[in-house]
Amino acid sequence: MPRFSVVVPAHRAQGFLRPCLESVLGQAGLDRSGGDVEVVAVDDASPDACGAIIDDLAAADPRVVPVHLDLAGGTGKARDAGAARATGDYLLFLDADDLMAPGTLAALDARLGRTGDPDVLLFDHERFTVWENVQESGDGDFLAAAGTRVFTAADLPDCLACYPAAWNRAVRRDYWTSHGFAFGDAPYADVAVATRLLTSAARIGCLDRVCVRWRKRRSGSLTTTRGAHHLAVLDRYDELFADPNLPGQAGRAALYGQMAALLMAVGEDRLTPDAAPDFVRRAGRLLTDHRPAGWSAPEPKEARWVRAAGTGSYGRYRAALGGRALAMQVVKKARARKNGLARSLFQRYYRLRLRRPVDRNLVLYAAYWNRGVSCNPAAIYRKAAEIAPHLHGVWVVNKRDRDALPPGTDHVVVNSRRYWDVLARAGYLVNNANFTGNVTKRPEQTYVQTHHGTPLKHMGMDLRARPAVGKGMSFGRLLDHADQWDYSLVPNQHSAEIFDRVYPSGYRTLPSGYPRNDVFYTSGPDDVLRARQALGLAPGTTAILYAPTHRDYQREFVLPLDLERLARELGPGYTLLVRAHYFYGQSPQLEELHQAGAIVDVSAHPCVEDLCLASDALVTDFSSLMFDYANLDRPIVVHAADWAAYRAARGVYFDLLSGRPGETPGAVAVDETSLAEVFRAGEWNSPAAAALRAAFRSRFCSYDDGLAAERVVRRVFLAEDGLLPYRPLSDRHPAPSPATLTPPASTSPVPAP
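Position numbers for residues count from 1 along each chain, tracking the sequence in the order it is written. In view of the model being predicted, local features appear only for residues whose pLDDT reaches at least 70, and side-chain atom pairs are presented and counted only at 80 or more, with totals across whole chains, interfaces and linings using the full set of residues. As a convention, hydrogens and water are excluded, and side-chain values are obtained from all of the structure's heavy atoms.

A few words on the overall build of the protein. Only DSSP runs of H or I covering at least 4 residues are called helices, and only runs of E covering at least 2 are called strands; the numbering of each starts at the N terminus. On a plain count of helices and strands, the protein comes out with 29 helices and 22 strands. Every radius of gyration here is taken over C-alpha atoms, with the globule rule written as 2.2 Å times N^0.38, N being the number of residues. The C-alpha radius of gyration of the protein comes to 30 Å, within 12% of the 27 Å expected for a compact globule of 753 residues. Taken over the C-alpha atoms alone, the protein extends approximately 100 × 65 × 45 Å along its principal axes. Within the protein, the proportion of its 753 residues that are buried is 55%. Should any heavy atoms of two residues lie within 4.5 Å, those residues are considered in contact. For the protein, restricting intrachain contacts to residue pairs at least 6 apart in sequence, the fraction spanning at least 24 positions comes to 74%. Burial classes: relative accessible area under 20% of the type maximum marks a residue as buried, over 50% as exposed, and values in between as partly exposed (1.4 Å probe, protein chains only).

DSSP bridges decide pairing: two strands pair if at least two such bridges lie between them. The seven strands are arranged β12-β11-β10-β13-β14-β15-β16 in an open sheet whose pairing can be described as parallel. Only two strands of the sheet have a single partner each, and these edge strands are β12 (411-413) and β16 (508-510). On average, adjacent strands in this sheet sit at an angle of 25° to one another, irrespective of strand direction. Pairing of strand β10 (residues 359-366) with strand β13 (residues 426-431), which is carried by five bridges, proceeds in the parallel orientation. Bridge assignment links Val 363 to a residue of β13, and that residue is Tyr 428. The axes used here are C-alpha line fits, helices contributing only the stretch in contact, and every angle between their N-to-C directions lies in the interval 0 to 180 degrees.

In this sheet, strand β8 (residues 169-172) lies alongside strand β4 (residues 90-93) in antiparallel orientation, the contact comprising two bridges. Bridging from a neighbouring strand, Leu 91 pairs with Val 171 of β8. Pairing of strand β6 (residues 120-128) with β8, which is carried by three bridges, proceeds in the antiparallel orientation. Bridge assignment links Leu 122 to a residue of β8, and that residue is Arg 169.

Relative orientation of the contacting elements helix α1 (residues 14-25) and helix α19 (residues 493-502) amounts to 95°, with a least axis distance of 6 Å. Classified by the interaxial angle, the pair formed by α1 and α19 is roughly perpendicular. For the pair α1 and α19, the contacting residues are Gln 14, Gly 15, Phe 16 and Arg 18 in the first and Gln 493, Ala 496, Glu 497, Asp 500 and Arg 501 in the second. Following the grouping adopted for this structure description, the nonpolar residues are Ala, Val, Leu, Ile, Met, Phe, Trp, Tyr, Cys and Pro, the charged ones are Asp, Glu, Lys and Arg, and the polar ones are all others, Gly among them. For the contact of α1 with α19, a count of residues per class yields two nonpolar, three polar and four charged. Angles below 35 degrees are treated as roughly parallel, those above 145 as roughly antiparallel, those between 65 and 115 as roughly perpendicular, and all remaining angles as oblique.

Before going further, it helps to spend a moment on the side chain of Arg 697. When you line up the elements, Arg 697 lands in helix α28 (residues 687-700). When charges are tallied, Lys and Arg are placed among the positive residues and Asp and Glu among the negative ones, while His and the ends of the chain are skipped. We define a salt bridge as a side-chain nitrogen of Lys or Arg found within 4 Å of a carboxyl oxygen belonging to Asp or Glu. Here Arg 697 is buried and forms no salt bridge, its nearest opposite-charge partner Asp 633 lying at an N-O distance of 4.4 Å. Here a polar contact means two N or O atoms within 3.5 Å. Within protein one must be a hydrogen donor candidate and the other an acceptor candidate, and residues neighboring in sequence count only if both atoms are side-chain atoms. Side-chain polar atoms of Arg 697 contact the backbone oxygen of Ala 630, separated by 3.1 Å. Once you skip the residues sitting within four places of it in the chain, Arg 697 turns out to touch Tyr 521, Ala 630, Asn 631, Asp 633, Ser 702, Arg 732 and Pro 734.

Quick look at the state of the cysteines now. When two cysteine sulfur atoms are found within 2.5 Å, that pair is recorded as a disulfide. Scanning the model with the defined rule gives zero disulfides in all. No disulfide involves Cys 20; its sulfur sits 10 Å from that of Cys 50, the nearest cysteine. With a relative accessible area of 0%, Cys 20 lands in the buried category. With no disulfide of its own, Cys 701 lies closest to Cys 612 among cysteine sulfurs, the gap being 12 Å. You can call Cys 701 buried: its relative accessible area is 3%.

Within the open sheet, the six strands sit side by side as β19-β18-β17-β20-β21-β22. Their pairing is parallel. The outermost strands of the open sheet, each flanked by one partner alone, are β19 (600-601) and β22 (668-669). Pairing between strand β17 (residues 542-547) and strand β20 (residues 617-620): four bridges, direction parallel. Bridge pairing in β20 places Ile 544 opposite Ala 617.

Quick look at the packing of aromatic side chains now. For Phe, Tyr and Trp, where Trp contributes only its six-membered ring, two rings pair if their centres lie within 6.5 Å, and the inter-plane angle classes them as stacked under 30 degrees, edge-to-face over 60, or tilted in between. Scanning all chains against the criterion turns up 32 aromatic pairs. Ring centres of Tyr 163 and Trp 167 lie 6.0 Å apart, and the angle between their planes is 25°; on these two criteria the pair is classed as stacked. A relative accessible area of 3% places Trp 167 in the buried class. Relative to Tyr 503, the ring of Phe 499 lies with its centre 5.9 Å away and its plane at 45°, an arrangement referred to as tilted. The exposure class of Phe 499 is buried, given its relative accessible area of 2%.

All right, on to the side chain of Asp 500 then. By secondary structure assignment, the location of Asp 500 is in helix α19. Summary of buried charges: Asp 500 has no salt-bridge partner, and the nearest side chain of opposite charge, Arg 12, is 6.8 Å away.

The next point concerns the environment of Glu 663. Following the sequence through the fold, Glu 663 ends up in the loop between α26 (643-650) and β22. Looking at Glu 663, the relative accessible area reads 13%, which means it is buried. C-alpha separation for the pair Glu 663 and Val 578, spaced 85 residues apart in sequence, amounts to 24 Å. Only 2.9 Å separates the side chain of Glu 663 from the side chain of Arg 660, close enough to count as a polar contact.

For the purposes of this section, nonpolar cores are sets of buried Ala, Val, Leu, Ile, Met, Phe, Trp, Tyr and Cys residues that join through side-chain atoms within 4.5 Å. Counting residues in hydrophobic clusters, the biggest one holds 78 residues, and the most contacted among them are Leu 364, Leu 423, Phe 435 and Tyr 503. Among all residues touching Leu 364, those that are not within four sequence positions of it are Val 394, Val 396, Val 412, Val 422, Leu 423, Ala 426, Tyr 428, Leu 429, Val 430 and Phe 435. Ranked by size, the runner-up nonpolar core spans 70 residues in total, among them Leu 91, Phe 181, Leu 287 and Trp 305.

Among the residues of helix α14 (residues 345-353), those classed as buried are Gln 347, Tyr 349, Tyr 350 and Arg 353. The arc enclosing the buried residues of α14, seen along the axis, measures out at 155°, which places them on a common side. As used here, the arc is the angular range of directions from the helix axis to the C-beta atoms.

The following block contains the structure:
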C-alpha cells in the first residue's frame, strides 16, 4: 500500500495536466514501483485530451491510476471518485493546473512520522499568476508557530483561518472514509470540507513548507467565471456556522476571518451585475450575525469592504465603495483621453464602423503579418470557396505586397479606410498571426487563430524568461490578443498542450490538423512533377530543400552553412534549394550563390508547400517546417551546429538531438563535411533514419490527413457539430516522392545517393 494517494481531477486542463502529474511523479526519492505514491488521475469527461494524457502517462508509469468518468460532474465529484479508488495511507488533492513543489512528499512523510500520523497535516502553498508573480498564502505565520505540535481545532482555533482548500492538507485515508467526507457537486464544497476536516479531527499537525504552487488561472475555472453560482459560497458559510463541532467563540472568530477574506474576493470580481445585489444582501446578514466582539480586519482594504458589505444594502454598499470607484473612473477617463489623442483618423473611423451590423457572410483573412495569401488561412480560404460559396473572403495585405496577390483576389490594404470597415463588420476573422492595429473583437465575430507551426522553441508567455527574445515584446498585448480567439487550430497533441498553457485564455482548441498540410495528401504524381518543373529541376536530380530558421540573437541573416562547399562536397546529381527565413527578406549572399550556379535560391517562392513537394529531402536546423514536412514521409536531416546556443537563447520543449523516437526526425549532422557524408553514405534514407521519421511523424502529424481545411470550414463556418473523423494512419497516403516517379524515357534514373 503506498504512503500517499494524490488525487488529480482534470477537466479542460490539457495544457497544464502533464506538468502537474509530472511534478508528482518526479518527486525525489520516490519508488517508481508505486511503493511511496500513487497518482489517481480522474478524467472528468473532459472534452479535450485530458483523458489521453492520463492514459499516456499511465502506460509509461505504473504509479498512475487512470479513472475515466462517463459524464462530467465537476471537480467535487471527480475528487470523490478519485478518493474512492485510492489505496494510500494519506490522501492529497491537487488540481490539474497546479504543481507540487519539489521535495514535498519526502517532507510530508518526515513530518507525519515525527507527529505520529495525525488525522490531518496542514501545509503551506503559494499562488502564482501568468506573469509568474508569486504571492504568499498568508498561512505561514500560523504554520511556523504551530511547529511540530499536534492539536485539535479547539486547542488552536486559528487553524480554521488557514485558506480553505482541498489541496493544502494531507488527510489520513481511514479518517476520511470513517467520517464519510465527500465533496459532492455543490460549488465551493471544498470550503466546507476543508473546514470540517479540521473541526472533526482528533489530531492535527502542521508543516511550515510550501508544498503546492497554486496557479491563478485567467479563465476556464470556477473562480474566473463570473456568475450567480458564486452565491453558493454563502450557503457553505451558513452551514459551517451552524456546525456543532465549531469550537467556541475563538473558532467562530477564526472562521469569520476566513469568510470575510473569501467573500471580499468573490464580491470584488466574480459576480455578474444581476447577482451582485443578492450577494451583498446575504453577505451583509452573514457578516452582521456572526461578527465576533472586537473583531478587526487584518488590512484596511478588507476592513473597508466588510463595512460596505455589512450594510446589507446594495445601494449603500456601492456608495460606501464609491470613492474608490470614482477614482478608478477618473483614471480610466484620463487614459481614454490620452489614447484618443494618439489614435489615428482611421482608428476613430473604425470605432464608428463597430456600430454597424456584423456580416456573417464576410470573412477576413490574413497571414504572416499581412504578407499575402499563404499558409493555413489560404487553405481555409480555398476550401470555403469550394463548400461554402456564400461566404465572401477578403485578404489583408501590406501595400508593398499587394502586387504579388493572385489575380482577382479581393483585398484590403492595411490601415486603409476599407481595412477598418471590413475588420469591424466581418463575421469571421482568420489569421495565423495578429491583425494590425487596436482590434476590438465583437461578440458577434468569430476569430480563428490558425498558428503557423508546431512549437519546438519556446512561445508565448514562456518567452518572459528569454530576454534575448522577449525583451521587446508586450506580453499584455499578447494576452489581449489570445483573449480574442474563439478557436485555436492544432496539428498534434503536443501543440495543443503547449498553446493552451502559453496562451492562457478561454478559446476552444480545435484538433483539426493544419489546413496548409492538406496538399501533402491530396497531391499526386503530376502535381509533384509540375512543382519540380516550375523550379527547373532536371529529371534524375536529387533536390534537397535547405530551410534554416530565424535566430533571435542574430540581427542579420548569417548562413549557418558554407553552401558553396556543401554543393561541392555533394557533387553532381544534387541540387540545393535554399529558402531563407521570411524575416530576413532577400539575401545578397544567396543571390550571389544562385548566380554562380551553386544553389537555387527559392527564398522568394510564394508557396513553401510546392517546394516541399518538389524536394527529395529536407535539411533544416530548428525550423518548424520539419513538422509539416514529416507528413510527406520523406527524409529529414537535422543540421545542428549551434544547437547549444539556440537552446540556451530561445528555449526548447524537447531535445531535438536526443536520438529518441518521437524527438529526432532523422539523421543528424554538425557541419558541411558530415552533412555531405550523410547523403553520400546513404544515412539520410537509411532504415534507422526511417524508423526515427516514423515515430516523429506519428507524434507530430497525428491530426493531419488531408481533411483539415474541410474540418475547419464545416465546424466554424457551417456550424456543423463535431469534426470530420480522422482517416486511419494506414489510409493516409502522402504525395509520392520524386524518387519514386518514373522519369521520361530519354532520361536516366535517379542516381543512388
